Amino acid sequence: MKPEFKLHNAALLMALAAAYPLHAQAAAGIAQFTAGDVTLRRGAGADALTKGRDIESGDAIVTGPSGRAQLRFTDGGLVSLQPSSQFSISNYADRNDPKQDSFFVELLRGGMRTITGLIGKRNRENFKVTTTTATIGIRGSAFNLAYNPDGTLSVSTELDEIEVCTKAGCVGLTAGESVRVNNNESTPVRTNTRASLPTPAPRQAPEVVGNQTTSDGRSAIVTAAPRVLVGLALAGYGIKSTGGDQGQSGDGAVLIDPSGNPERYVDAREPTTIVRDGAATTTVISNTGSLATGDLLVLGTWSAATLTDRDGIFAIAPVAFVTGVPTPPTDIAALSGQRGEYSLAHATPVFSTTGITGELLPSSKLSVDFLGIGNYVDVNLDVRMHGTAPTDYKLRGGAKGTGTGFAGVLSVSSPSCVQGSAGCGPATSAPASTTSAGLADFRNAPTGFVNGFLSGPNAANIGLSYGAYRTPHGDFGGAATFSKNSLSPTPTNNSLTDLQVHLVDGSGFLGGYGQRTDNLYSIIKPRFVGEAMTGLVNSPGSYYTSGGTTYTYSKTGTGGSFGAIGKTSDPDFIGWGNWVSGSKEASGPYGGSSQVLDSVHYLVGRPTPSYQMPISGTAQYALVGHTVPTATLGGTTITGTLLSASLSADFSLSTANVNISTQFGATRVDINIDATSSYGPASISGSTFQGCTATANVYGMFSGNMAYRAGLVYNATDPTVGRVAGSAVFQRTTSSALR
């Protein structure tokens with residue numbers, strides 16, 4: 001790693017040397033930005049610190065009531081000082097040597113934000129921030145600290161970990177955590193209140209313009225104009241007259257009004273603009289980072305706004321939004337093969353069409369698998385809606401994206417809904433429409449949706465908006481920011497033996513594999529990278545004492561897609577996906593064989609245990625996830641559109657009705673396995689079900705407590721387009737007398 005450090009350090013020093021002349025004492029860095037009253041104290045002298053001036057070890061920087069400064073050190077470290085602050089560089093040495101480096105600074109009053117440079121990365125013991133009551137050391141890269149009006153000190157982390165120490169002891173903090181230090185004789189106290197570092201309004205001080213005068217000949221005073229910030233992403237949720245709605249942009253311009261509040265967002269790629277109404281109010285909930293450091297992230301609300309897009313002009317009130325600097329594509333590419341874990345940093349109120357508000361709970365979290373060909377975000381949001389009957393909702397599912405942005409459908413549930421004692425929303429037999437990619441638009445289903453973007457260097461943060469539709473609390477949603485806690489290799493898992501798998505491809509049904517607890521006939525082991533199934537091994541069980549045949553299914557090539565609700569370790573995990581190509585290998589004591597598979601669709605999940613399966617009652621299910629259907633004829637495969645899909649179950653009769661409609665060009669292919677078919681409905685046996693007609697088959701299973709979710713694979717034969725195949729996942733919406 002040292003050559004990399006040297007290269008980065010040398011590049012920074014060369015840039016500094018080219019811009020600023022050398023002094024007898026090596027510069028520690030430069031003043032990257034100053035505003036208002038900022039004084040540099042060096043030795044016995046003191047004068048104004050201006051942008052571009054060098055800073056040295058031993059210097060002190062003092063900001064007045066309106067002063068701010070941003071200092072960039074030669075190791076790449078950054079310190080931003082708040083108004084009324086006193087900051088000293090006690091001992092700074094950047095020798096590119098972990099044994100000789102030092103970054104020892106003091107904050108005697110005010111507040112600061114710091115991002116660690118190479119000195120702290122080479123040896124964290126060489127980095128210390130000393131205050132009047134505590135010493136802060138690093139195990140990470142960014143944190144804030146500020147003196148409070150009562151003399152106490154607040155310290156908050158942004159990324160990774162830090163350690164706050166007094167004479168009484170030390171407290172370690174991970175990303176997003178905070179402590180208050182009352183004095184140097186007592187241990188720091190954990191708190192939910194973050195260090196207060198107010199972001200200044202971008203208003204400039206009035207300037208005298210020599211060529212403009214008033215009517216009496218005096219110089220005119222010109223106030224600051226609004227600012228435009230370009231290249232920012234945005235995700236938002238708002239309430240229209242027709243219900244909740246949300247949107248996302250990966251590149252646009254934000255207009256900042258003279259008071260420092262976001263006023264307008266204009267998409268750079270689409271004819272879309274959202275503008276705060278003239279009489280509306282803006283509430284900025286959090287404003288972190290900066291444009292200079294590439295991690296600006298602003299979260300807030302508008303009481304009312306107007307949206308203009310391809311579909312028309314719409315009034316929205318209220319609006320929750322997050323906007324910020326998207327992560328550079330090179331940073332995302334460098335994270336390939338890693339999984340980032342993120343915790344909730346800040347959130348807007350949750351708005352609803354019923355007028356009841358809610359909150360996003362601190363237990364909300366995200367995981368991001370950086371897969372190289374795209375990113376997969378496991379979303380786990382916990383929402384509490386207030387009112388006369390407060391209800392907790394869980395929004396769970398996956399989102400995908402090929403760059404900075406991501407989007408996906410979420411399952412929405414509540415405890416009473418899962419148990420079957422209350423409905424999860426009105427049943428729906430069809431999505432409202434389909435996208436150009438053949439995926440269903442679930443907005444009219446009792447499901448949720450998430451839009452978001454990765455933000456900051458190395459995807460340090462995430463901004464997102466989310467919504468839930470057709471719940472007992474109406475449509476609801478909001479916006480939030482998340483901070484990265486950790487980064488580790490994306491997990492692979494080849495040892496799970498309690499999952500059930502169903503497979504179809506362009507030739508028909510490949511198999512349904514479920515695990516027996518006694519491992520008598522076979523041992524089923526799906527293979528996963530993250531939550532994507534990449535293979536399956538079906539090996540002989542103990543019954544085959546002389547050896548049996550092992551079947552291995554594998555994804556080949558890079559094409560395909562996948563989705564999941566939950567992680568593979570969850571008790572109600574269910575996933576679905578498509579391999580553009582695959583293989584089936586058979587090996588055993590009597591020889592082997594190999595088969596090429598075309599367009600494999602799979603369903604994988606943890607089936608509902610027998611003691612949790614309903615034994616009576618009925619339930620209706622709505623679509624929450626699916627693959628794009630395919631049709632194979634004469635060795636050629638085409639993709640189509642899923643027009644609709646529905647599932648209902650009568651557990652008293654052990655039957656299930658399945659209705660699926662697909663479209664391939666001008667050809668529509670329907671699968672109706674229900675009471676109207678001469679073959680009758682599908683039959684339920686334990687947690688699985690299957691059914692057929694003369695030209696179609698479905699194979700599926702129930703998952704979750706009280707068969708809360710279900711999934712299936714289907715195939716059908718059509719004389720025009722050939723063998724149709726796909727997979728779909730459903731969630732219970734309404735039920736009657738389940739037990």
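Residues numbered from 1 in each chain as written. Predicted model: local features only at pLDDT ≥ 70, side-chain atom pairs only at ≥ 80, totals over all residues. Heavy atoms only, no water.

### With respect to the overall build of the protein
Of regular secondary structure, the protein possesses four helices and 61 strands. Counting all 739 residues of the protein, 53% fall into the buried class. Considering only contacts in the protein between residues 6 or more positions apart, those separated by 24 or more positions represent 58%. Looking at the protein as shown, the accessible area adds up to about 30,400 Å², and 52% of this sits on carbon and sulfur atoms. (Helix = DSSP H or I, 4+ residues; strand = E, 2+ residues; numbered from the N terminus. Buried < 20%, exposed > 50% of the residue type's maximum accessible area, 1.4 Å probe, protein only. Contact = heavy atoms within 4.5 Å. Areas by Shrake-Rupley, 256 points an atom, 1.4 Å probe, with all protein chains shown as cover.)

### Regarding the nonpolar core
With 36 residues, the main nonpolar core has Ile-61, Leu-71, Phe-73, Phe-87, Leu-145 and Val-164 as its most contacted residues. Here Ile-61 is in contact with Val-38, Thr-39, Leu-40, Leu-49, Leu-71, Leu-81, Ser-85, Gln-86, Phe-87 and Ile-89, once residues within four sequence places are set aside. Core analysis: the next-biggest nonpolar cluster, separate from the first, contains 34 residues, Ala-656, Ala-696, Ala-707 and Val-724 among them. (Core = buried A, V, L, I, M, F, W, Y, C linked by side-chain atoms within 4.5 Å.)

### What about the sheet that holds strand β25 (residues 282–288)?
One open sheet holds the nine strands; their spatial order is β25-β26-β29-β21-β22-β23-β24-β27-β28, and the pairing between them is antiparallel. Strand pairing shows two members of the sheet lacking a second neighbour, β25 and β28 (312–316), which therefore form its edges. Sheet twist, expressed as the mean angle between neighbouring strand axes with direction ignored, is 25°. Of the strand pairs in this sheet, strand β23 (residues 262–267) and strand β24 (residues 273–276) are connected by three bridges, and their pairing is antiparallel. Each bridged residue has a counterpart across the sheet, and for Tyr-265 the counterpart in β24 is Ile-274. (Pairing = 2+ DSSP bridges. Axes fitted to C-alpha atoms, helices over the stretch in contact; angles between N-to-C directions.)

### Considering the state of the cysteines
Considering all chains together, one arrives at one disulfide under this definition. Between the sulfur of Cys-165 and that of Cys-170 lies a disulfide, 2.0 Å long from S to S. Handedness here is read from the sign of the S-S torsion; for Cys-165 and Cys-170, about 110°, the answer is right-handed. Cys-165 sits in the buried class, given a relative accessible area of 18%. Classification of Cys-170 as partly exposed rests on a relative accessible area of 46%. (Disulfide = S-S within 2.5 Å.)

### Details of unusual backbone geometry
Cis geometry marks the peptide bond from Ala-317 to Pro-318; its omega dihedral reads -5°. Within the element layout of this structure, Pro-318 appears in the loop between β28 and β29 (319–324). For Met-706, which is not glycine, the phi dihedral falls at a positive 55°. As for its position among the elements, Met-706 is in the loop between β59 (696–703) and β60 (709–718). Owing to a relative accessible area of 12%, Met-706 belongs among the buried residues under this scheme.

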